[in-house]
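Coordinate inspection notes
Listed here are the chains, written in short residue letters.
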Amino acid sequence: MGKIIAIANQKGGVGKTTTSVNLAASLGVLEKKVLLIDADPQANASSGLGVDVEAVEFGTYQVLEHTISAKEAIVTTSSPNVDIIPAHIDLVAIEIELVDKQEREYMLKKSVEEIKNDYDYIIIDCAPSLGLITLNSLVAADSVIIPIQCEYFALEGLGKLLNTIKSVQKIHNADLDIEGLLLTMFDSRLRLSNQVVDEVRKHFSSMVFNTIIRRNTRLGEAPSYGESIIAYDATSKGAVNYLNLAQELLKKNS
C-alpha cells in the first residue's frame, strides 16, 4: 500500500515545490513508483516536470470537485516511474466552491483511496497557505515533510503549522505523522545558515532529517527546462542531496 506524504509549510519560498519534484524524481530513479499531486494553484510542480500547464484539461481541481476520478487525471511524465496529477490556475477557485460541501476536508482523501495501492509513494505539493486545499492534503496524507529554509525567519510560523497538524490529528486524521523537518537552501559559508541548523536540531532533534539541501544554482535552473534536478544535472550537489533524502526516507520506512 502506498504511503502519502504531504510537503507543507505555509511560508512561501522555502523549497516545497523543489522538494516535491526532486524527491519524487529521486524515488523514481530508486525504482519506486511515485505519483506527484500538485495541490498548489501556482502549478509550479506541474511545469517543473514538463507539463504544459495551459493545456491541462483535468487535474487537481476536478479531482477535488469529484467531477472525475483521480485515475482519469493522472499524466505520465518523462521522469522514470513518476506520474503526476497536474494543477491549473483555476485551482484557486476550489476553496470557495468547496466551502458549502459536506465533508469538504475529505475530498482529496476519498479521491486517492482508489489509486493508493498503485504507487509506492504519493507526494502532495501543498500551497503556501493553511487553507482548504492544504487541509485536504493533510487529511489525505499519512505523514508530512516540513521544509525549513536556513535563514533568519526560518522558525517563524512553524508553531502555527505544528498547531494545524495537531488539530488535523485531533479532528480529521489521527494517524497523521510528521515524517521530518527538512533543512533547505543551506549555505555553509554563512554563519546564519549554520546557526539555524543548530537551532532546529537543538529544538527538534530526532524529527530533523540528516540530509540537508544545499543552495545550488543548478537546482534553480532545472525547473525552467521542465526537468527535475536528476534529469537536468545528475552530478550536481542538488541531485546528490535529493538522492540522499530519498534514501533516508526509504530507510526510515523500510
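In this text the structure is predicted, and so the values were computed from the model without any measurement. (Residues numbered from 1 in each chain as written. Predicted model: local features only at pLDDT ≥ 70, side-chain atom pairs only at ≥ 80, totals over all residues. Heavy atoms only, no water.)

1. Points about the pairing of strand 2 (residues 34–39)
Counting buried residues in strand 2 gives six out of six residues, a clear majority hidden from the surface. Along strand 2, one buried face is formed by V34, L36 and D38 and the opposite face, lined by L35, I37 and A39, is buried too. As defined by bridge partners, strand 2 adjoins strand 4 (residues 82–85) across four bridges and the pair is classed as parallel. Each bridged residue has a counterpart across the sheet, and for L36 the counterpart in strand 4 is I84. Pairing of strand 2 with strand 5 (residues 121–126), which is carried by six bridges, proceeds in the parallel orientation. Pairing of L36 across the sheet is with I123, part of strand 5. (Buried < 20%, exposed > 50% of the residue type's maximum accessible area, 1.4 Å probe, protein only. Helix = DSSP H or I, 4+ residues; strand = E, 2+ residues; numbered from the N terminus. Pairing = 2+ DSSP bridges.)

2. Brief notes about the UniProt feature "domain: AAA" (unreviewed entry) in the protein chain
As recorded in UniProt, the feature "domain: AAA" (unreviewed entry) lies at residues 3–178. Between the first and last C-alpha atoms of residues 3–178 the distance is 13 Å; the span itself is 36% helix and 18% strand. (UniProt positions renumbered as here; feature names shortened; annotations may be inferred.)

3. Digging into the pattern of salt bridges
Scanning all chains against the criterion turns up 10 salt bridges. Residues D142 and K116 are paired through a salt bridge, measuring 3.4 Å at the closest nitrogen-oxygen approach. Residue D142 is found in the loop between helix 7 (132–140) and strand 6 (143–149), and its partner K116 is found in the loop between helix 6 (107–112) and strand 5; the two are separated by 26 residues along the sequence. Owing to a relative accessible area of 24%, D142 belongs among the partly exposed residues under this scheme. What makes K116 buried here is its relative accessible area of 11%. One connected set of salt bridges, linked through shared partners, spans R218, E221 and D233. (Salt bridge = Lys/Arg side-chain N within 4 Å of Asp/Glu carboxyl O.)

4. As for helix 8 (residues 158–171)
Helix length check: helix 8, at 14 residues, gives a terminal C-alpha distance of 20 Å against a target of 20 Å (1.5 Å per residue), a fit within 8%. Among the residues making up helix 8, those that are buried are L158, L161, L162, T164, I165 and V168. Seen from one end, helix 8 has its buried residues packed into an arc of 155°, which puts them on one side. Away from its buried face, by an angle of more than 90 degrees, helix 8 presents the exposed residues K160, K166, K170 and I171. (Expected span 1.5 Å × (residues − 1). Arc of directions from axis to C-beta.)

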